[in-house]
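Residues per chain are reported as follows:
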Amino acid sequence: MPTEATSLDLDLARQVLAAQPFARLVGTELTEFGDGAATLVIEIQPEHGQQFGFVHGGVLAYAADNALTFAAGTVLGPNVLTGGFTITYLRPAKGERLRVHATVLGATRRQAVTHCDVYAETEGEEPIHCAVAQGTTRRVEKDLTPTAETDEDTEFEDDEDEYETDQLTVVTADMAGLPPTVSR
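By the naming in an unreviewed UniProt entry, the protein chain goes by Medium/long-chain acyl-CoA thioesterase YigI and is assigned to Nocardia ignorata. Looking at the protein chain in UniProt, the text filed under Sequence similarities (unreviewed entry) is "Belongs to the YigI thioesterase family."

Student: Tell me what's going on with the pairing of strand β6 (residues 128-139), and back it up with residues and numbers.
Tutor: Bridging between strand β3 (residues 80-89) and β6 involves nine bridges; their strand directions are antiparallel. Across the sheet, the residue bridging to Tyr 89 is Ala 131, located in β6. As defined by bridge partners, strand β5 (residues 111-121) adjoins β6 across ten bridges and the pair is classed as antiparallel. Bridge pairing in β6 links Asp 117 to Val 132. Hairpin remark: β5 followed by β6, antiparallel, with six residues in the connecting loop; positive phi at Gly 124, about 80°.

Student: I'd love a proper account of the packing of aromatic side chains, names of residues and values included.
Tutor: Under the defined criterion, the tally for this structure stands at two aromatic pairs. Centroid distance Phe 22 to Tyr 62: 5.1 Å. Interplanar angle 80°. Geometry classified as edge-to-face. Here Phe 22 is found in helix α2 (residues 21-26), whereas its partner Tyr 62 is found in helix α3 (residues 57-76), with 40 residues between them in sequence. Accessibility expressed as a relative area gives 12% for Tyr 62, which makes it buried. Here the aromatic rings of Phe 33 and Phe 70 are separated by 6.3 Å at their centres, their planes lie at 80°, and the arrangement is edge-to-face. Taken as a pair, Phe 33 in strand β1 (residues 28-34) and Phe 70 in helix α3 lie far apart in primary sequence, 37 residues in all. Look at Phe 70 and you get buried, because its relative accessible area is 7%.

Rules of the game
- Numbering of residues starts from 1 in every chain and runs along the sequence as written.
- Per-residue local features of the predicted model are confined to residues with pLDDT of at least 70, and side-chain atom pairs are confined, for both listing and counting, to 80 or more; whole-chain, interface and lining totals are unaffected and use all residues.
- Side-chain numbers come from the whole structure's heavy atoms, not from hydrogens or water.
- UniProt positions are given in the numbering used here, feature names are shortened, and annotations may be inferred rather than shown by experiment.
- What makes two strands pair is DSSP finding at least two bridges between them.
- In this description a helix means any DSSP run of H or I spanning at least four residues, a strand means any run of E spanning at least two, and both kinds are numbered starting from the N terminus.
- Side-chain rings of Phe, Tyr and Trp, where Trp is taken by its six-membered ring, are said to pair if the distance between their centres is within 6.5 Å; with planes under 30 degrees apart they count as stacked, over 60 as edge-to-face, and otherwise as tilted.
- Burial status follows relative accessibility: with a 1.4 Å probe on protein chains alone, a residue under 20% of its type maximum counts as buried, one over 50% as exposed, and anything between as partly exposed.

If you want it as structure tokens, here you go:
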């Protein structure tokens, strides 16, 4: 693939995952990482459920998003952000664990398109294919490394610094300047 080499390996990728508070909350483990692919495993807990006893779609979406981005990180390096992704739920997820495997379909120097399959597994049973996802991950030029002054009490400040990618800049509207909406 036409990307620059990176020194990101499984151990460093696991450190990146461990630095994500939400990943720790959900109980995410990175089991495979390299050569355009990544696999995450989440032991299913009662807190992951929705009202019908299945794993909540938000947990599946989180897992797909993270797996897609980690797979892209194998070819783009560690300084990446999700550009967007879609997920299609195939069957309800129920079992002992989720196994989420993502692979890079194609990449440029700054962007990768990845595909992901989400399975619910129970020991001794055939895995259930629960969801598929596809996404775009972008390498960013801005240093995303947390600083010592970053903590839970620090509010995010928009310093108007742009993230350099090979995509168009995202423009947001000033909500105060929008006309009022009328609902019928």
